[in-house]
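In case you want the letters, here they are:
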Amino acid sequence: AEHLMARADYDTAAAVYGQLAASSPQLDLAHFRLGLCHYRQGRLEEAERVWRGALQINPRNGDILRALPVLAWERKDYT
């Protein structure tokens, strides 16, 4: 999946990360990367949904805690 991300093949990488997240639901890194694939494809709502779900697994995931404000900024949501 990392190789696919490096090649900007986000749809295929998302499929792989989705499988990883489904088979190992506690693996918050897989959820973060899945959300990142959605984010890079401009699917902001889907990225947020995945990331917020991952915070239920690990509420202290620094990658997600840093990504959500960026996503809000992209949406021009400054609240």
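Residues numbered from 1 in each chain as written. Predicted model: local features only at pLDDT ≥ 70, side-chain atom pairs only at ≥ 80, totals over all residues. Heavy atoms only, no water.

A. Local environment of the pattern of salt bridges. What the rule picks out here adds up to six salt bridges. A salt bridge links Arg 49 to Glu 46, with the nearest nitrogen and oxygen atoms 2.4 Å apart. Of this pair, Arg 49 and Glu 46 both sit in helix α4 (residues 44-57), three residues apart, which is roughly one turn of the helix. Accessibility expressed as a relative area gives 51% for Arg 49, which makes it exposed. Across the pair Arg 66 and Asp 63 runs a salt bridge whose closest N-O atoms are separated by 3.0 Å. Placement of the pair is Arg 66 and Asp 63 together in helix α5 (residues 62-74), with a separation of three residues, close to one helical turn. What you see here is one network of salt bridges that share partners, running through Glu 48, Arg 52 and Arg 75. (Salt bridge = Lys/Arg side-chain N within 4 Å of Asp/Glu carboxyl O. Helix = DSSP H or I, 4+ residues; strand = E, 2+ residues; numbered from the N terminus. Buried < 20%, exposed > 50% of the residue type's maximum accessible area, 1.4 Å probe, protein only.)

B. Geometry of the packing of aromatic side chains. Under the counting rule described, the total for this entry stands at two aromatic pairs. Taking 5.9 Å as the distance between ring centres and 20° as the angle between the ring planes, the aromatic pair formed by Phe 32 and Trp 51 counts as stacked. In this pair, Phe 32 is assigned in helix α3 (residues 28-40) and Trp 51 in helix α4, connecting sequence segments 19 residues apart. For the pair Phe 32 and Trp 51, a shared accessibility class is recorded, and that class is buried. Taking the centre distance of 6.1 Å and the plane angle of 35° together, the rings of Tyr 39 and Trp 51 count as tilted. Of the two residues, Tyr 39 sits in helix α3 while Trp 51 sits in helix α4, which places them twelve residues apart along the sequence. Put simply, the rings of Phe 32, Tyr 39 and Trp 51 touch in pairs and so form one group of aromatic residues. (Phe/Tyr/Trp six-rings, centres within 6.5 Å; stacked < 30°, edge-to-face > 60°.)

C. Spatial organisation of α4. Here α4 contains 14 residues, and its C-alpha end-to-end distance of 20 Å stays within 8% of the 20 Å for a straight helix at 1.5 Å per residue. Within the span of α4, buried status applies to Leu 44, Ala 47, Glu 48, Val 50, Trp 51, Ala 54 and Leu 55. The buried residues of α4 occupy one face: seen down the axis, they fall within an arc of 165°. Exposed side chains of α4 directed beyond 90 degrees from the buried face belong to Glu 45, Arg 49 and Gln 56. Those residues of α4 hidden inside the fold are in contact with α3 and α5. (Expected span 1.5 Å × (residues − 1). Arc of directions from axis to C-beta. Contact = heavy atoms within 4.5 Å.)

What is shown is where atoms sit, not what they do.
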